[in-house]
Amino acid sequence: MGASEFQLKKHHSIPKPEKPLLVVVLDGWGEAPDDEFNAISRAETPCMDSLKESKPDRWMLLKAHGTAVGLPSDDDMGNSEVGHNALGAGQVVSQGAALVDKALEKGELFDHDGWKYLEPAAKEHTLHLIGLLSDGGVHSRYNQLWLLIQGAAERGVKRIRVHTLTDGRDTEDGTSVKFMAQLQKDLRSLEGKGCDAQVASGGGRMITTMDRYESDWNVVKRGWEAHVLGEAPNKFKDPVEAIKALKASHCDGRRCKLQKPKEAGGKPVSDQWIPPFVIVDDDDNPVGPIQDGDAVAIFNFRADRVVELSKAFEYKDFKHFDRKRHPDVRFAGMMQYDGELKLPAHFLVPPPAISRTTGEFLAKSGVSTFACSESQKIGHVTFFWNGNRAAPFDKKLETFHEVPSDQNIPFNEKPAMQSAKITKLGIEALKSGKYDQVRLNFPNPDMVGHTGDLEATISACSTVDSCVQELINAVEEVGGTWLVTADHGNAEDMVQRDKKSGKPLMEDGKPRILTSHTLNPVPVAMGGPGLPEGVKFRTDLKEPGLANVGPTIINLLGFEAPDNMVPTLLSA
Ligand SMILES: O=C(O)[C@@H](CO)OP(=O)(O)O
Ligand SMILES: [Mn+2]
Ligand SMILES: [Mn+2]
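All of these numbers come straight from a predicted model, not from anything done at the bench.

**Brief notes about the coordination of the manganese ion (ligand 3)**
Move 1: On the protein side, the manganese ion (ligand 3) has Asp446 (OD), Asp446 (OD), His450 (NE2) and His517 (NE2) as donor atoms, found 2.1 to 2.3 Å from it.
Move 2: Each of the six donor atoms around the manganese ion (ligand 3) contributes to a set of angles spanning 57 to 167°, which defines the coordination as irregular.
Move 3: Along the chain, the residues donating to the manganese ion (ligand 3) fall in the pattern D-x3-H-x66-H.
Move 4: Note on His450: relative accessible area 2%, which makes it buried.

Have a look at this one:
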């Protein structure tokens with residue numbers, strides 16, 4: 001397809017704006033009824049409240065979970081990957097979770113090139129599986145891991161080692177014990193079938209292995225040491241005991257080095273922050289370090305938090321930390337995590353093909369963009385937004401700006417995160433006259449919501465509300481247009497609920513905290529002096545969702561949306 005095919009046509013009624021369009025994504029900002037566990041309704045949010053007043057013409061709700069974002073079912077909560085993919089692509093694409101389900105359903109996965117590549121090494125040596133132990137369906141799912149293990153054992157793999165990252169972020173804190181016990185039981189059932197399958201190492205996902213966007217390579221280093229070298233500060237014979245013991249230890253909320261006894265005010269360790277551990281045999285030797293000749297697969301389907309580990313396995317030249325030993329293994333991802341870098345070269349399931357995105361059309365139609373967030377989310381408004389593509393389509397037209405995130409601090413300790421800097425950079429970009437579009441992501445409602453700390457999340461929501469107000473003021477000043485939305489729910493519900501009654505679930509007289517995303521819809525609002533009078537949201541779409549935002553942005557920039565996209569939200 002030549003570049004001219006990406007040249008967008010002029011919109012029939014909205015002229016190309018002379019002033020910039022601001023697009024803001026509030027990460028994890030969903031809509032739910034007023035409630036004591038709704039951090040958003042509890043927070044002071046005069047700006048977002050005032051936007052709601054323009055309902056239905058310029059404020060509406062969008063579906064941000066399940067099938068609307070390409071997930072297998074409407075029981076699946078939304079997440080940043082699928083949310084930003086849908087916003088940026090203007091299309092609903094079958095996502096990794098669904099593709100892996102399908103490939104495992106009839107065992108097709110084992111006929112693909114990726115498995116064929118691993119198979120000889122897995123049969124002759126050891127098959128290592130590394131990933132998130134969870135049923136969250138955001139990065140991985142337990143049933144997929146178990147189908148993979150069973151399938152490998154049925155095909156003659158005799159030695160399997162599983163390296164587990166504990167969740168508590170897409171799942172309730174404390175459930176890692178249950179998942180580990182299930183895994184242990186399932187692995188033991190293979191003994192009679194001649195397969196020696198064991199858990200070899202692990203650690204909490206926020207501290208071990210699953211860093212993203214190079215926010216903190218030390219996280220990956222800890223994982224490498226535990227999974228590959230068989231080295232960790234904590235050694236146990238049994239993985240369930242490991243988790244129980246490490247959870248019962250106390251820390252001051254920071255990372256493992258700072259463990260503090262309970263008497264000194266430490267808090268029990270949450271699943272997300274369990275220090276790295278290795279499982280050892282009776283002679284205290286690690287049961288499953290990764291050796292030359294082994295096969296290694298990552299079983300997460302989502303890319304952002306396994307790209308760094310993939311680089312550590314795949315790249316000969318690697319400078320981010322001292323690997324000490326770089327075993328010569330056959331390595332594959334559940335998917336190819338970066339299509340441009342072809343990383344990793346081998347993968348078990350082909351990733352979703354996301355093409356002809358808003359980013360590509362706009363760049364090839366001469367639209368300039370400034371995209372910015374802090375490290376924790378920068379890839380959301382660049383990589384995910386552009387269909388899992390890290391590089392700009394046109395370097396001259398697209399500027400990607402990353403504000404470094406805080407390291408070594410749980411985000412409830414500093415709920416404002418880098419929002420002030422992102423706001424400042426956004427305002428500068430709007431006033432610079434250099435950009436047609438300014439796209440920002442505020443991570444706070446999501447990142448602080450994941451800590452389960454209600455008070456801190458309330459503070460995070462108030463902070464970003466005032467950031468949005470400042471940005472809207474700047475748009476008013478320059479005469480531009482703005483669109484504010486979110487990628488999925490999180491902060492609007494901080495408690496587990498009974499599915500039927502909606503009442504909080506209690507344990508020992510206390511509500512059970514919800515750290516994960518939700519199934520709630522998200523708001524979208526637009527305005528600004530640049531928005532022609534009479535442009536409003538339509539009310540005839542049956543189930544408007546995040547993907548409808550893509551073509552809406554194209555329209556607001558003065559173009560007709562291409563026909564590979566879902567309908568616009570505009571009635572104009
Ligand atoms: O932190 C993450 O990796 C996920 C939750 O697992 O959150 P988000 O989809 O908002 O990035
Ligand atoms: Mn998100
Ligand atoms: Mn999140």
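Having put the structure on the table, let's press on.
**Observations regarding the sheet that holds strand β9 (residues 277-279)**
Within a sheet, adjacent strands bond to each other through the backbone by hydrogen bonds, running parallel or antiparallel.
Move 1: With mixed pairing, seven strands are arranged side by side in an open sheet as β6-β9-β5-β4-β3-β10-β11. In the strand order of this sheet, the two ends are held by β6 (234-236) and β11 (330-333), each with one partner. Averaged over all pairs of adjacent strands, the angle between their axes in this sheet comes to 20°, without regard to strand direction.
Move 2: Here helix α5 (residues 113-124) sits on the sheet and contacts β3 (127-133), β10 (295-298) and β11; the angle it forms with β11, its principal contact strand, is near 140°.

**Comments concerning the coordination of the manganese ion (ligand 2)**
Move 1: Around the manganese ion (ligand 2), the protein contributes the donor atoms Asp27 (OD), Ser80 (OG), Asp487 (OD) and His488 (NE2), at 1.9 to 2.1 Å from the metal centre.
Move 2: Positions of the donor residues of the manganese ion (ligand 2), expressed as sequence spacing, correspond to D-x52-S-x406-D-H.
Move 3: The distance between the manganese ion (ligand 2) and the manganese ion (ligand 3) comes to 4.3 Å. In this pair, Ser80 sits in helix α3 (residues 80-89) while Asp487 sits in the loop between β15 (481-486) and β16 (506-507), placing the two residues 407 residues apart along the sequence.

**Describing helix α6 (residues 142-154)**
Move 1: The terminal C-alpha atoms of α6 lie 18 Å apart, and with 13 residues this matches the ideal 18 Å at 1.5 Å per residue to within 8%.
Move 2: Every buried residue of α6 is accounted for by Tyr142, Gln144, Leu145, Trp146, Leu148, Ile149, Gly151, Ala152 and Ala153.
Move 3: Those residues of α6 that are buried lie in contact with α4 (96-105), α5, β3, β4 (159-166) and α7 (175-188).
Move 4: Where α6 ends, the next residue or the one after it, Gly156, has phi of about 100°, a positive value.

**Focus: the domain arrangement of the chain**
Move 1: Domains assigned within the chain are domain 1 (29-94 + 354-497 + 506-556) and domain 2 (97-333).
Move 2: Averaged C-alpha coordinates put domain 1 and domain 2 at centres separated by 31 Å.
Move 3: At the junction of the two partners, domain 1 supplies 29 residues and domain 2 supplies 26 residues.
Move 4: Summed over both partners, the interface of domain 1 with domain 2 buries about 2300 Å², with 47% contributed by carbon and sulfur atoms.
Move 5: Inspection of the region where domain 1 meets domain 2 yields one salt bridge.
Move 6: Note that Glu172 and Arg512 form a salt bridge whose closest N and O atoms lie 2.7 Å from each other.
Move 7: Between domain 1 and domain 2 we count nine residue pairs in polar contact (both at pLDDT 80 or more) in total.
Move 8: Within the side of domain 1 that touches domain 2, the residues separate by chemical class into ten nonpolar, 14 polar and five charged.

**What to know about the pairing of β4**
Move 1: With seven of its eight residues buried, β4 lies for the most part within the structure.
Move 2: Bridge count between β3 and β4: seven bridges; the pairing is parallel. Opposite Leu127, over in β4, you have Ile160 as the bridge partner.
Move 3: Viewed along the sheet, the connection from β3 through α6 into β4 turns out right-handed.
Move 4: For β4 and strand β5 (residues 196-204), the ladder comprises eight bridges, and the chain directions are parallel. Residue His163 lies in a different strand from β5, and its bridge partner there is Ser201.

**Quick word on the pattern of salt bridges**
Move 1: Taken as a whole and judged by the stated rule, the model has 28 salt bridges.
Move 2: Here Glu455 and Arg42 are joined by a salt bridge, their closest N and O atoms 3.6 Å apart. In this pair, Glu455 sits in helix α14 (residues 454-478) while Arg42 sits in helix α1 (residues 39-42), placing the two residues 413 residues apart along the sequence.
Move 3: Among the salt bridges present, the one from Asp406 reaches Lys414, with a minimum N-O distance of 3.1 Å.
Move 4: Lys414 gets classed as partly exposed once you look at its relative accessible area, which sits at 35%.
Move 5: Within the structure, one salt-bridge network assembled from shared partners comprises Asp27, Lys377 and Asp446.

**Quick notes on unusual backbone geometry**
Move 1: For the peptide bond that leads from Lys55 to Pro56, omega is 0°, which places it in the cis range.
Move 2: For the peptide bond that leads from Leu343 to Pro344, omega is -15°, which places it in the cis range.
Move 3: Inspection of the secondary structure assignment puts Pro344 in the loop between β11 and α11 (358-364).
Move 4: Even without being a glycine, Asp284 presents a positive backbone phi close to 70°.
Move 5: Backbone geometry at Arg356 places phi at a positive 55°, although glycine is not the residue there.
Move 6: Relative to the assigned elements, Arg356 resides in the loop between β11 and α11.

**Overview of the packing of aromatic side chains**
Move 1: The final tally for this structure, using the stated rule, is ten aromatic pairs.
Move 2: Measuring from centroid to centroid gives 5.5 Å for Trp217 and Phe318, while their planes differ by 80°, and the two rings are edge-to-face. Note that Trp217 is positioned in helix α8 (residues 217-229) and Phe318 in the loop between α10 (307-314) and β11, a separation of 101 residues in sequence.
Move 3: Given the relative accessible area of 12%, Phe318 is considered buried.

**Re the nonpolar core**
Move 1: Residues Leu26, Ile149, Ile160, Leu183, Phe313 and Met334 are the most contacted members of the largest nonpolar core, which totals 160 residues.
Move 2: When residues of this core are assigned to their parent elements, the largest contribution, ten residues, is made by α14.
Move 3: When residues of this core are assigned to domains, at least three fall in each of domain 1 (29-94 + 354-497 + 506-556) and domain 2 (97-333).
Move 4: Look past the residues within four positions of Ile149 in its chain and what remains in contact with it is Leu129, Ile160, Val162, Leu183, Leu187 and Leu190.

Definitions and limits used
- Residues numbered from 1 in each chain as written.
- Chains lettered and ligands numbered in written order.
- Predicted model: local features only at pLDDT ≥ 70, side-chain atom pairs only at ≥ 80, totals over all residues.
- Heavy atoms only, no water.
- Donors = N, O, S within 2.8 Å, 3.2 Å for Na, K, Ca; no water.
- Tetrahedral: all angles 85-135°; square planar, octahedral: opposite > 155°, others 65-115°.
- Buried < 20%, exposed > 50% of the residue type's maximum accessible area, 1.4 Å probe, protein only.
- Pairing = 2+ DSSP bridges.
- Helix = DSSP H or I, 4+ residues; strand = E, 2+ residues; numbered from the N terminus.
- Axes fitted to C-alpha atoms, helices over the stretch in contact; angles between N-to-C directions.
- Contact = heavy atoms within 4.5 Å.
- Expected span 1.5 Å × (residues − 1).
- Domains from an automatic or database assignment.
- Buried area = accessible area lost by both parts, 1.4 Å probe.
- Salt bridge = Lys/Arg side-chain N within 4 Å of Asp/Glu carboxyl O.
- Polar contact = N/O pair within 3.5 Å; in protein donor to acceptor, adjacent residues only side chain to side chain.
- Nonpolar A, V, L, I, M, F, W, Y, C, P; charged D, E, K, R; others polar.
- Right-handed = clockwise from strand over helix to strand, strands pointing away.
- Phe/Tyr/Trp six-rings, centres within 6.5 Å; stacked < 30°, edge-to-face > 60°.
- Core = buried A, V, L, I, M, F, W, Y, C linked by side-chain atoms within 4.5 Å.

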